[in-house]
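These are the residues of each chain, in order.
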Amino acid sequence: MTESPLLSEADVRLEVERLFRRDHRSKLLALFGRGQPGRFELDGIEWEIIPTACELELRAKLPAPGEQRATGSVYLVDWAEDALPLDVSCRLAGGRIYHVARDARLAALFGARQIEPGLSSTALARLVLSGSLDGLRKITGLRLTRSDLWQRVLEARFGIPEGALETAAAWLRWVRSSDAGPTFVKACESDDLLRAVRRELLDWLEERLPAVGVLGFRAWELGLIDRALQALLLLVAVEQNEDAYLRGLVNGQVASIAPGLAKEVRAAHAGGAAQELLEAVLSVDDASDRRLLDEAEAHAVNGGASALATASDWLPAGHAAREAAVAAALSRFVEAPSPEALEALLAAFDRLSAHRLDRAIRRSEHVEARKMAARLAAWLLARRVRPQLAEHGTPYQAAVDLARRYAEEGGFLDWARQSLRGMRGAGDALMAAVRRLNEAVDAVARADDERFARAYVAWVDAGKPSNEVLPIEHVTKRVVAQFLKGGEHRRLLLVLMDGMSYAAAVQVLQRLRDQRRWNPIAWRTPGWNGLLPMPPVLAAAPTLTEVSRAALFAGVADPRFGDQGTDKDDARWASNPHLRELVGEEPLQVFFRRDIHAGHELIDEVKQAVAGDQRVVAVVVNAIDEQLKGSLQVAVDYSKTPILPLEALLSAADGAERAVLLVADHGHVLGDAMRVASGRIPAGREGGARWRALAEGEQPLDGEVLLPRTSWKPRRSAGIAALWDTALANRAPHYGEHGGLSLAEAVAPAFLIGPEWLDRVAGEDVELSCRVLPEPDWWALKIARPAAPPVAAEEPKAPAKAQLQLIPVEPAKTPTARPPAPTEPALVARLRVSKLFTQQVAGVPKPDVERVLTWLAVLVESGGSLTAADFARLCGVRPHQVGGVVARMGVLNADGFAIVEHDVAGRRVVLHKARLLSQFGVTE
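A brief look at the structure comes next. Fair warning: this is a prediction, and the values are worked out from it, not measured in the lab. (Residues numbered from 1 in each chain as written. Predicted model: local features only at pLDDT ≥ 70, side-chain atom pairs only at ≥ 80, totals over all residues. Heavy atoms only, no water.)

## Side note on the overall build of the chain
This is how the line gets drawn: The helix count covers DSSP runs of H or I at least four residues long, the strand count covers runs of E at least two residues long, and both are numbered beginning at the N terminus. C-alpha atoms define the radius of gyration, and 2.2 Å times the number of residues to the power 0.38 defines the globule rule. Residue exposure (1.4 Å probe, protein chains only): buried if accessible area is under 20% of the type maximum, exposed if over 50%, otherwise partly exposed. It only takes one pair of heavy atoms within 4.5 Å for two residues to be counted as in contact. Here the accessible surface of atoms and residues is derived via Shrake-Rupley with a 1.4 Å probe, and residues count as covered only by protein chains that are part of the display. Under this rule, positive means Lys or Arg and negative means Asp or Glu; His and the chain ends count for nothing. Each charge is placed at NZ for Lys, CZ for Arg, CG for Asp and CD for Glu.
Counting secondary structure elements, the chain contains 39 helices and 26 strands. Its C-alpha atoms give the chain a radius of gyration of 42 Å, more than 25% over the compact-globule value 29 Å for 924 residues. Here the C-alpha coordinates of the chain stretch approximately 135 × 105 × 65 Å along the principal axes. Counting all 924 residues of the chain, 51% fall into the buried class. Residue pairs at least 24 apart in sequence account for 73% of intrachain contacts in the chain once pairs closer than 6 positions are excluded. Of the roughly 43900 Å² that the chain leaves accessible, carbon and sulfur atoms contribute 51%. Across the chain, the 113 positively charged side chains and the 121 negatively charged ones have centroids separated by 3 Å.

## Topic: the packing of helix α17 (residues 316-335) against helix α18 (residues 339-354)
The cut-off we apply is this: For helices, the axis comes from a line fit to the C-alpha atoms of the stretch in contact; other axes are also lines fit to C-alpha atoms, and the angle between any two N-to-C directions lies between 0 and 180 degrees. Roughly parallel means an angle under 35 degrees; roughly antiparallel means over 145; roughly perpendicular covers 65 to 115; every other angle is labelled oblique. Left-handed describes a crossing in which the near helix is turned anticlockwise from the far one by less than a right angle; the clockwise case is right-handed. Gly is placed with the polar residues, together with every amino acid not listed as nonpolar (Ala, Val, Leu, Ile, Met, Phe, Trp, Tyr, Cys and Pro) or charged (Asp, Glu, Lys and Arg).
Where α17 contacts α18, the axes come no closer than 9 Å and their chain directions differ by 160°. Put simply, α17 runs roughly antiparallel to α18. Here α17 and α18 pass one another in a crossing that is left-handed. Taking contact as the criterion, the partners of H319, R322, E323, A325, V326, A329, L330 and F333 in α17 are, on α18, A341, L342, A344, L345, A348, F349, R351, L352 and A354. The residue inventory of the contact of α17 with α18, partitioned by class, reads 13 nonpolar, one polar and three charged.

## Comments concerning the sheet that holds strand β26 (residues 908-911)
Inclusion rule: Two strands are counted as paired when DSSP detects at least two bridges linking them.
The strand order across the open sheet built from three strands is β24-β26-β25, with neighbouring strands paired in antiparallel fashion. Each edge of the open sheet is held by one strand with a lone partner, namely β24 (865-867) and β25 (900-903). Within this sheet the neighbouring strands show an average axis-to-axis angle of 15°, counted without direction. As judged from the three bridges shared by β24 and β26, these two strands associate in the antiparallel manner. Across the sheet, S865 pairs through a bridge with V910, a residue of β26.

## Some thoughts on the pattern of salt bridges
Put simply, the rule reads: Salt bridges are defined by distance alone: a side-chain nitrogen of Lys or Arg within 4 Å of a carboxyl oxygen of Asp or Glu.
For the coordinates displayed, the defined rule picks out 57 salt bridges. We note a salt bridge from R572 to D569, for which the minimum N-O separation is 2.6 Å. Here D569 and R572 lie together in helix α27 (residues 569-574), a separation of three residues that amounts to about one turn. Residue R572 shares its accessibility class with D569, and that shared class is buried. Through salt bridges with shared partners, one network takes in R680, R685, R692, E698 and E704.

## Some thoughts on α18
Quick reminder of the rule: Working rule for helices: expected span equals 1.5 Å times residues minus one.
Relative to the 22 Å expected for 16 residues at 1.5 Å per residue, α18 spans 22 Å between its end C-alpha atoms, a close match to the ideal helical length. Of the positions making up α18, those classed as buried are P339, A341, L342, L345, L346, A348, F349 and L352. In this fold, the buried residues of α18 make contact with α17, α19 (358-361) and α20 (364-385).

## Thoughts on the side chain of R658
For clarity, the threshold we go by: Definition of a polar contact: a pair of N or O atoms within 3.5 Å, with one able to donate and the other able to accept a hydrogen when the atoms are protein atoms, and with sequence-neighbouring residues admitted only if both atoms are side-chain atoms.
Position of R658 among the secondary structure elements: in the loop between α31 (644-656) and β14 (659-663). For R658, the side chain forms a polar contact with the main-chain oxygen of V610, separated by 2.6 Å. Of note is the side chain of R658, whose polar atom sits 3.4 Å from the backbone oxygen of R615.

## Comments concerning the pairing of strand β1 (residues 28-32)
Of all the five residues making up β1, five are buried; the element is thus mostly covered by neighbouring parts of the structure. What you see with β1 is no split at all: L28, A30 and F32 on one side and L29 and L31 on the other are buried throughout. Where β1 and strand β4 (residues 72-77) come together, five bridges link them in parallel fashion. Opposite L28, over in β4, you have S73 as the bridge partner. Here two bridges tie β1 to strand β5 (residues 97-98), and the two strands are oriented parallel to one another. Pairing of A30 across the sheet is with I97, part of β5.

## Points about unusual backbone geometry
In this structure, P542 follows A541 across a cis peptide bond, with omega equal to -5°. Note on placement: P542 falls in the loop between β11 (537-538) and α25 (545-554). The phi dihedral of K464 falls on the positive side, at around 55°, and the residue is not glycine. For K464, a relative accessible area of 17% gives the class buried. Its identity is not glycine, yet L781 carries a phi of approximately 60°, on the positive side. When you line up the elements, L781 lands in the loop between α33 (758-761) and α34 (826-832). L781 gets classed as partly exposed once you look at its relative accessible area, which sits at 27%.

## Thoughts on the packing of helix α9 (residues 192-208) against helix α10 (residues 210-222)
The geometry of α9 relative to α10 is characterised by a closest axis approach of 5 Å and an angle of 140° between their N-to-C directions. Of the residues in α10, those touching α9 at R198, L201, L202, L205, E206, E207 and R208 are P210, G213, V214, F217, R218 and E221.

## A word on the environment of A354
Take A354: it is sitting in helix α18. Measuring from C-alpha to C-alpha, the distance between A354 and A440 comes to 28 Å, with 86 residues separating the pair along the chain.

## Things to note about the nonpolar core
In plain terms, the rule: Buried Ala, Val, Leu, Ile, Met, Phe, Trp, Tyr and Cys residues form a nonpolar core when they are joined through side-chain atoms within 4.5 Å.
Ranked by internal contacts, the top residues of the largest apolar core, which has 155 residues, are F452, L661 and L741. Among the elements that line this core, the one with the most residues is helix α22 (residues 428-461), at 14 residues. Excluding residues that lie within four positions of it along the chain, F452 makes contacts with A399, L402, A403, L538, L741, S742, L743, A746 and V747. Ranked by size, the runner-up nonpolar core spans 84 residues in total, among them L194, A231, L246 and A309.

## Section: the side chain of R362
Inspection of the secondary structure assignment puts R362 in the loop between α19 and α20. Note on R362: relative accessible area 15%, which makes it buried. With near-sequence residues (within four places) excluded, R362 lies in contact with H319, E323, V367, R370, G425, A426 and G427.

## Observations concerning the sheet that holds strand β23 (residues 750-755)
The strands that make up a sheet are held in pairs by hydrogen bonds between backbone atoms, and each pair lies either parallel or antiparallel. Strand order in the open sheet formed by six strands is β10-β23-β14-β9-β13-β12, and the pairing between neighbours is mixed. Looking at strand neighbours, the two that pair on one side only are β10 (518-520) and β12 (589-591), the edges of this open sheet. Averaged over all pairs of adjacent strands, the angle between their axes in this sheet comes to 25°, without regard to strand direction. Bridge analysis of strand β9 (residues 492-497) against β14 gives five bridges, and the strand direction is parallel. Bridging across to β14, L494 finds its partner in L661. Sheet strands touched by helix α24 (residues 502-514): β10, β14 and β23. Its angle to β23, the strand with the most contacts, is close to 10°. The strands that α31 touches are β9, β10, β13 (616-621), β14 and β23; relative to β9, the one it contacts most, it runs at about 170°.

## Topic: the environment of S130
For S130, the location among the structural elements is in the loop between α5 (123-129) and β7 (143-144). For S130, a relative accessible area of 19% corresponds to the buried category. Along the sequence, S130 and P5 sit 125 residues apart, while their C-alpha atoms lie 5.7 Å from each other. Filtering out sequence-adjacent residues up to four positions away, S130 remains in contact with L6 and R34. There is a polar contact of 2.6 Å between the side chain of S130 and the backbone oxygen of L127.

## Looking at the environment of V238
Note on placement: V238 falls in helix α11 (residues 225-238). For the pair V238 and S575, spaced 337 residues apart in the sequence, the C-alpha separation amounts to 77 Å. V238 has contacts with L246, R247, V250 and L308, leaving out every residue within four places of it along the chain.

See below:
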């Protein structure tokens, strides 16, 4: 006898509704099946569901013959399939046992009105209708499809969520999370229905998720999904290898790595999306996935395919091989710097960074240090390629030129050097190459420091000529006072960051830029036309707070300041002649560490002064200077670490609509690269880590210069020797030291910054608009190339005296070759063929469009930014015509945003490349 179906109340109700669409003489109905007792109402008649276990029970539950009832009864009969005794069947509707149709039962079970044709005849439908599955969810539509049925059965039987069947990657992720496959296989061995369902499931998965669906199911059954992924990893790695032997070797290994799955693994790989599949399924941050990769590498190595492992994008050996390639490329570059060697090095860095394991096995600090190594290599090449500083001129000219170059790029350079010294975790070969790079960079930087220190002494002896540099005592005269003279609406907060180096300043500005809060403003020192808005500021020597900060506040340099300490700085500020002339009787306030809290909060007096009407307020922040006294074993990166009082001061200045002059009294050098030159300071002699007092007749030693006699020196000493060599210290150094005469100590950073909206609330003052801090080309890893040498014109030769010929011969005409067409940047070439650009310039005369593209090419080739003078020269126009040229380039503009902008205050022409790419849908 056929196994009786399990009938739900909904099944019974639908069958009653179907059978009693026409009248029957009896309201007694027999259905083949089993189920639970129940009641329901249909068309005003109450029906009762009555299960029966045998004929006797059925007879007992039938009403007495002739008894009239207003209700109906449905008897569930699972002990007879076709016929009942005649005396019983004659009392039932239709005189027989009815079988509920599978279609109707399936539809009722899932709340559907229709089912997909042929679905009820499947083994899956028989499994569902057997009643062995609990928790089957209803469908949302009216039609039950094969996919709907599979998704609900798999969810109820195995806990597979619907989303796991949406993509191949989601399917494999679920397979990896379940270990029920072998149990299911064992259940199929003794159940014909389950075996038939399994065959149907394989067919359905192959339709839905082709080869990966079958691979996932078979691997799940065998409990070998990780082995299958390992085999896929090796097949993906061999794709890039042309070695036929290696390909055959790996193909043969698949069967041993994933036994029973070789066919399915190869089919999944042949689908062409194995790489993307692995990316979606595996996570190198997961410990179990990392073990999987280690095991895959072991399979490759033990199987004789070590070369495959080292070439893999996934396996640890591949990462080690790429790191070794970086080490080799870096060593070759250090030995012979060239554009080609740098290109090869950057390509090696990119390949290493692209390895899947890189971010997982190398900490973020290591990855950052590696990027700094690439930047330092680019700097080394740029130093070779760029024009060298002139050797002639005044004795102090080198100090001016080096200070200017240091102000433009020294902060970035020292930041990179600091980061590179902290590299950890690389292999021995890379660490050795990095040390060689460090030594090469240090050698160039030390030569600069020595040359600068000697020229600085000559500069002081010459009376500190300040056309191209700014002595620190002139900051209030040429920066603060000149800025405030631009209008009564201008107010300034001077934040003196004691001991802040250029590297620390660049990091602070980077953090502010990342927060989209503050940036340098366009105001420039009058008469100055350098890359930065103001000339480099040179600290007073020795570079000590007592000497240099006093000169800044007083507006004059006085060697006596060194003996007076910092207690009189407030009085010096209050009587500063340059500011007093500007503000009249207005109080000049300066606040020190004792006046501001250590954390985020400022005292009320400071808040009120910043928010008040005073034209200029000064605050000293000692956060960096105090950090310099700390341990060598803790490195600070101010692009990531907030300076709490500075954050609070900027918030206060923001609310008061003040610009901020971020300035230091001197810089510092880091102590972690120093060695102690012991014995230089005898007992009882004054001195510090970077300077020392000299006795009468005593001369500077290696790494030192003798400061001018006009500089401060301790009482009863003949002079001061200041260290220019950043690798030396007179005593055990702290985290940072100053007092010497290296570029990092003597060139004091100074930046006028403002909130991004300041120009709009201050009377449309264009000089208050924000600008991005210029970065050196090498920081962006642009490869410096030597300029092509000019082709020397051949001097015309005197024509030879013509010889009389009996038969005149016509001279051959020399064909005139067309001059080579200038190469056009790829970005401009793509712009020409852009449909959006063609639509934009429709109606514009073609010569005008060509001129605009020519001018655009000049900006693109120059990195997107040029001084107005250089732009005019390269475009062949006069300087006063630059504004008109930029206006004509307005044909590129759209939606009110300028693609090319003339920064009048900054005297530059700037290309907003991101807007250009977005507007016309082109790429670089």
